[in-house]
Amino acid sequence: GLGRVRRPATDTTPAFDLAYVRSGPRTNTPAVVIPGGPGLGSILPYRTLRRGAADHRLDLIMVEHRGVGLSRTDLAGRSLPLSAMWLREVVDDIAAVLDHECVESAFLVGSSYGSYVASSFGVRHPGRVAGMLLDSTLQSTADLTVERELIRGLFWDSGGPEAVAVRHLLETGADERRVLGVVRTAYELGGAGLVGPLLRERLRHRHDPAWAAVDTYASQDSSLVRLPGVYEFDVVGAIAFRELHFAPAPDGLPLDPALSYAPIAQRFPEFSGEPFDLPAATPGFSWPMVLLAGDRDLRTPLAVARRVAATAPDAVLVEISNGHSALDTHPLALLHALRRLVAGRQHRLAQETSLIDRLPRRGVAARYTELVSAGLRLGEPRRAVFGAGPLARSISVARQHKYSVRE
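Note that the structure is a prediction, hence the values are computed from the model and not measured.

Scoring rules and cut-offs
- Residues numbered from 1 in each chain as written.
- Predicted model: local features only at pLDDT ≥ 70, side-chain atom pairs only at ≥ 80, totals over all residues.
- Heavy atoms only, no water.
- Core = buried A, V, L, I, M, F, W, Y, C linked by side-chain atoms within 4.5 Å.
- Buried < 20%, exposed > 50% of the residue type's maximum accessible area, 1.4 Å probe, protein only.
- Helix = DSSP H or I, 4+ residues; strand = E, 2+ residues; numbered from the N terminus.
- Contact = heavy atoms within 4.5 Å.
- Expected span 1.5 Å × (residues − 1).
- Salt bridge = Lys/Arg side-chain N within 4 Å of Asp/Glu carboxyl O.

**Q** What is the right way to read the nonpolar core from this model?
**A** Soluble globular proteins tend to bury their nonpolar side chains together. Counting residues in each nonpolar core, the largest one holds 86 residues, and the members touching the most others are L108, L133 and M289. The element that contributes the greatest number of residues to this core is helix α2 (residues 87–100), accounting for eight residues. If we ignore the near neighbours within four places in the chain, the residues touching L133 are L108, V109, G110, V290, L292, L334, A337, L338 and L341.

What follows is the structure, encoded as structure tokens:
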């Protein structure tokens, strides 16, 4: 199902071939699935997702983001320049693929950053949207305030055991940015049942291997590590910083998520403003919408999805037991919601949350959480798991395929 569309040269972009895949039975109204990032590949990491979708008779299109994987280079084989990275161009790339496939309208499915792209497509090409599924909804750089309040409420202000442990860690000189990365990732993967034991072990063992394992997993998000075809941030990061404000000014208070990307901010353009006012545009979204939100999501908090659901004319909010990005951590939940949306039965989802939560969780992320928890339960004989054992192998896989969790 691999296809290519020639994107013409502009003042900021050389001509290049945009790659995409289409899978499943052909219909008049396919679903366009847009992963998070920016930087995630669409073709290699989600092969198993597309097979599962095809089994359920879903017609899927996934466009390889410009600057990533098979859409990375110009016609001479050079990486696309930072000047080619603009959200409007990304949105128009999707429209060009629909044109090439003779598709008038499609269901837009976006996860995290992909949800921002999907909503932006709705602003720029409203007549081509049959419906929209937003997973871990990202809508505005102003929502950093919501993110800060949620993180600090859990791990700093609450007075609970996790907050006390975090305070003790920072008092001993632990790196605040990395502590935030570990506790946020652990909470999203396994909730308080994973964060609590992880913090206790870290306080007992300065060089705790479980902590190091989660730190390795978490740090991929804010690095320039390039895994060709899977995760390539080095070019598309221009969008993250220039238009989505990935490096806002810290507010001076503890556990500030604004610090996450600070070490690499100097490599990219400064913030110049968001391309669209999505909160203002949402009341005009006339198509059916599904908001899929995890109750442990600390990157795109549940409050954002609730606000979108309250302002969109025809939206169903589906709150599930999950962390960030169901596409990557609970793909069967996303496919179930998509099937309902495509069939016009999305309003049934509000009564199906317990069913969705019972669906099996597959892939590296689920296995990773199980192994970290098992290692923590072992206590002192942890080397059996953290040395050359299964978690060590899982860490290696996660570093290579963190984002291909369906594989």
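Okay, back to it.
**Q** How should I be thinking about helix α13 (residues 331–342) in this particular structure?
**A** The periodicity of an α-helix, 3.6 residues per turn, causes residues three or four positions apart to be oriented the same way. Here α13 spans 16 Å end to end across twelve residues, near enough to the 16 Å set by a 1.5 Å rise per residue. Positive backbone phi, at 75°, marks G344, one or two positions downstream of α13.

**Q** Can you help me understand the pattern of salt bridges in this one?
**A** It is possible for side chains bearing opposite charge to pair when their charged atoms get close. On inspection of all chains with the given rule, the structure shows 23 salt bridges. The closest approach of N and O atoms between E147 and R184, which form a salt bridge, is 3.1 Å. One end of the pair, E147, is in helix α4 (residues 144–155); the other, R184, is in helix α6 (residues 176–190), with 37 residues separating them in the sequence. Per residue, the accessibility class of E147 equals that of R184, and both read buried. Where E352 meets R340, a salt bridge forms, and the shortest distance between an N and an O atom there is 2.8 Å. Of this pair, E352 sits in the loop between α13 and α14 (353–358) while R340 sits in helix α13, and the two are twelve residues apart along the sequence. As far as burial versus exposure is concerned, E352 and R340 are alike and both buried. Each of the salt bridges in this network shares a partner with another, and the network as a whole consists of R7, R66, E89 and D93.

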